[in-house]
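Secondary and tertiary structure notes
So you can see what is in the structure, the chains are spelled out below.
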Amino acid sequence: MKDPTLDYNLKDLKKMIVRSSEIIEEWYMKGLRDNKIYRNHTPGEIRDIFDEPLPEKGTDPMKILETIREDVFRTSNFNPSPNYYGYITGGGNHASILAELLKSSLNQNNLKWHSAPANSEMEKIVIRWICDFIAYPPDSAGVLVSGGSVANFLNLAVMRKIMSRENISEEGLYNSIPMTVYVSDQGHSSIDKAIDMLGIGKKYLRKIESDKELRINIKSLEKTIADDRKTGLHPSCIIGIAGTTNNGAVDPLKELGEIAKENGMWYIVDGAYGLPAAGTDLKKELFEGFSMADSLLINPHKWFYVPFEASAVIVKNRQALRDTFSLVPEYLKGGNDENQRDDLMNYNLQLTKDFKALKVWMTFKAYGTERLKAAIENDCRLASYAAEIINKSEDFELLAPVPLSIVCFRYTGRGGEIRNKEQLLEKINSRLPGEIEKDGRIFFAATKIKGKTALRINLTNHRRKKKDIDFLFKVIRDLATGITV
Ligand SMILES: Cc1ncc(COP(=O)(O)O)c(C=O)c1O
């Protein structure tokens, strides 16, 4: 019979960890700036590299590490690079790499306090640190989840439970007057998904028009709430966005808080991307009033530069979060409840999850708030620098304000040949992201701003410098002039 133990001899394990660290070193040494960051493999090419029958026999892990080095690293996007502007990707940090390795060695089952003591306490401390960073009441309850989409879902689940006039845990929503939820037309798609899955119904999600700055229009919001009330609906929740996905717009959060209060509504702030900037001197004014929120979400895996995955759901009233998620069957009653043991499972839909708090804790410990704030401010300053280049140039135009670290713009160059010719502008700008991808030196995606195709760059990477922004515009100019119209 085969030895059932899966462990390696510990000396060999150490060799493997050393080899892994060399691979990491090589990944960072290969040049943050001098390499293509996207390599244009087809799905078939990548599948062919890895596709094989389910292995019956094991392989020497040193050989597997070489496969990872050769094939996985080679075919992955080089996200640490400052030339990566795609989506809202935080660039990661070195301290968290260590935390991720150590976390797997600990392999904590953190559903109960007694099954993961350090993990359980550390997660609470990390939530408090996040609250301290942004100036939200530090005694709020919170839990780390995989991402902003799940965090929006959990926040809305709490809202639904607390705001419902019926006992929806028992009855479901069948006998309820429909709840209405209000967010600007810039709200993240995960809100629509959550509204659908929670049975609130997308018809009752009111997408309020946004103004020129892409912030929610307060007059329309107030009118819609009043109209809904008149027709017998139940206006239940306002979601303010602290940094929209499209351009980083921050809604007038204080006004939203006041409207929610006057109308007896729940107030959520979606700060998945932008809320870390509320902790900086440079940007905190933009977020005035956000702390009126009953609950919020903020993603360490975006602007605290923590590697994926980590998002925090934070609810001011601890009991509201507990009341939504606490359900303790017989088989989870193990251990005793002495000394205020507080089980993480009571605050989350998920039971077992990984030790997310370790990398967030390590990020705060290793860099401290001073360096994190400086990095966030640097990102914002570089976004302003990019906007300045655009405003001063003949061949680009800004398509949206730049309140934080996202810049939406389009190419208008070629000696005036396409300026003011809307169809040609659309044609060139919608083809540019594809050309950029083929070229591979930089990476970003496009979006639409008020119906126009926009090139959208996101700057949430602490390694970026002004010379990188200059390089970005050089590459775009090179490629834009080559597109035939
Ligand atoms: C404002 C906002 N909310 C929610 C999300 C969803 O976050 P995640 O991608 O972590 O699921 C995003 C993602 O970009 C976002 O920008």
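Residues numbered from 1 in each chain as written. Predicted model: local features only at pLDDT ≥ 70, side-chain atom pairs only at ≥ 80, totals over all residues.

Overview of the overall build of the protein
Condition: Secondary structure elements are defined from DSSP: runs of H or I of at least 4 residues count as helices, runs of E of at least 2 residues count as strands, and each element is numbered from the N terminus. It is over C-alpha atoms that the radius of gyration is taken, and the globule rule equals 2.2 Å times the number of residues to the power 0.38. To assign burial, the other C-beta atoms lying within 10 Å of each residue's own C-beta are counted, with C-beta atoms placed from the backbone; 20 or more indicates buried, 12 or fewer indicates exposed, and intermediate counts indicate partly exposed. For every residue pair, C-beta atoms are placed from the backbone, and the pair is scored as a contact if these atoms sit within 7 Å.
Of the regular secondary structure elements, the protein holds 15 helices and eleven strands. Scaling as 2.2 N^0.38, a compact globule of 485 residues should have a C-alpha radius of gyration of about 23 Å, and the protein matches this with 24 Å. For the protein, buried positions account for 42% of its 485 residues. Intrachain contacts of the protein at a sequence separation of at least 6 include 73% that bridge at least 24 residues.

Concerning the pairing of strand β9 (residues 406-411)
Note the following rule: One bridge is not enough; two strands pair if DSSP finds at least two bridges between them.
Of all six residues in β9, six are buried; the element is thus mostly enclosed. The two faces of β9 match: I406, C408 and R410 on one face and V407, F409 and Y411 on the other face are all buried. In terms of strand pairing, strand β8 (residues 396-398) meets β9 through three bridges, oriented antiparallel. Opposite L398, over in β9, you have F409 as the bridge partner. As defined by bridge partners, β9 adjoins strand β11 (residues 452-458) across four bridges and the pair is classed as antiparallel.

Brief notes about the packing of helix α4 (residues 94-106) against helix α13 (residues 356-392)
As a reminder of what qualifies: Note on method: axes are straight lines fitted to C-alpha atoms, helices fitted across the in-contact stretch only, with angles between N-to-C directions ranging 0 to 180 degrees. What makes a crossing left-handed is the near helix being turned counterclockwise from the far one by less than a right angle; a clockwise turn instead makes it right-handed.
Relative to each other, α4 and α13 sit at 145°, their axes nearing to 8 Å. Between α4 and α13 the crossing geometry is right-handed. Across the interface between the two elements, A95, S96, L98, A99, E100, L102 and K103 from α4 touch L358, K359, M362, T363, A366 and Y367 from α13.

Quick look at the site of the ligand
Going by this rule: Residues are classed as near a molecule or strand if the C-beta position derived from their backbone is within 6 Å of it. Gly is put with the polar residues, along with every residue not named as nonpolar or charged; the nonpolar set is Ala, Val, Leu, Ile, Met, Phe, Trp, Tyr, Cys and Pro, and the charged set is Asp, Glu, Lys and Arg.
Not every one of the 14 residues close to the ligand is listed here, only the nearest: G147, G148, S149, T245 and A272. The element that contributes the greatest number of residues to the shell around the ligand is helix α6 (residues 148-163), accounting for three residues. The residue inventory of the shell around the ligand, partitioned by class, reads four nonpolar, nine polar and one charged.

Observations regarding the sheet that holds strand β5 (residues 266-270)
Here we have seven strands laid out as an open sheet, ordered β1-β7-β6-β5-β4-β2-β3, and mixed in their pairing. Looking at strand neighbours, the two that pair on one side only are β1 (141-145) and β3 (205-208), the edges of this open sheet. Mean inter-strand twist for the sheet, computed between neighbouring axes without regard to direction, equals 20°. Note: β5 against strand β6 (residues 295-298), three bridges, orientation parallel.

Thoughts on the packing of α13 against helix α15 (residues 466-481)
Filter applied, for reference: Oblique is the label for every angle not falling under 35 degrees (roughly parallel), over 145 degrees (roughly antiparallel), or within 65 to 115 degrees (roughly perpendicular).
Here α13 crosses α15 at 40°, and the two axes come no closer than 10 Å. Here α13 is positioned oblique relative to α15, judged by the angle of their axes. You can see that α13 and α15 cross each other, and the crossing is right-handed. Residues L382, Y385, A386 and I389 of α13 form the contact with α15, whose participating residues are K466, I469 and F473. The residue inventory of the contact of α13 with α15, partitioned by class, reads six nonpolar, no polar and one charged.

Here's the deal with the domain arrangement of the protein
Using the following cut-off: Each domain's limits were defined by an automated method or a database of domain assignments.
In terms of domain boundaries, the protein breaks down into domain 1 (10-76) and domain 2 (101-366). Between the C-alpha centres of domain 1 and domain 2 the distance comes to 36 Å.

Topic: unusual backbone geometry
Each neighbour pair has its own omega, and for F308 with E309 the value is 0°, a cis peptide bond. By the element assignment, E309 lies in the loop between α11 (300-303) and β7 (311-315). Even without being a glycine, N107 presents a positive backbone phi close to 45°. Tracing the sequence through the fold places N107 in the loop between α4 and α5 (117-134). The exposure class of N107 is exposed, given the 9 C-beta atoms found within 10 Å. Positioned with a positive phi, L214 is a non-glycine residue whose angle comes to about 70°.

A few points about the pairing of strand β4 (residues 234-241)
Spelled out, the test is: Crossovers are described as right-handed under a simple rule: with the strands pointing away from the observer, the path leading from the first strand over the helix to the second runs clockwise.
Summarising burial for β4: seven of the eight residues are buried, a large majority. Pairing between strand β2 (residues 179-184) and β4: four bridges, direction parallel. From the neighbouring strand, M179 faces β4, where its bridge partner is H234. Note that the unit made of β4, helix α10 (residues 253-262) and β5 has a crossover that is right-handed.

Some thoughts on α10
For clarity, the cut-off: Throughout, the arc means that of the directions going from the helix axis to the C-beta atoms.
Turning to α10, its buried residues number three or more, namely L253, L256, G257, I259 and A260. Projected onto a plane normal to the axis of α10, the buried residues spread over an arc of 165° and lie on a single side. Of the surrounding secondary structure, the elements contacted by the buried residues of α10 are α9 (218-230), β4 and β5.

A short note on the sheet that holds β11
Pairing within the open sheet is antiparallel, and its four strands lie in the order β8-β9-β11-β10. Each of the sheet's edge strands pairs with one partner strand only, and the pair in question is β8 and β10 (445-449). Averaged over all adjacent pairs, the angle separating strand axes in this sheet is 45°, with direction ignored.

Regarding α4
Let me state the cut-off plainly: Given a helix with a known number of residues, its expected span is that number minus one, times 1.5 Å.
Over its 13 residues, α4 extends 19 Å from the first C-alpha to the last, a length consistent with the 18 Å expected when each residue adds 1.5 Å. Once α4 finishes, N107 follows within two positions and takes phi at roughly 45°, a positive value.

Comments concerning the environment of H462
Positionally, H462 belongs in the loop between β11 and α15. Of the residues examined, H462 has 19 C-beta atoms within 10 Å and is grouped as partly exposed. Once you skip the residues sitting within four places of it in the chain, H462 turns out to touch G91, Y305, A375 and N378.

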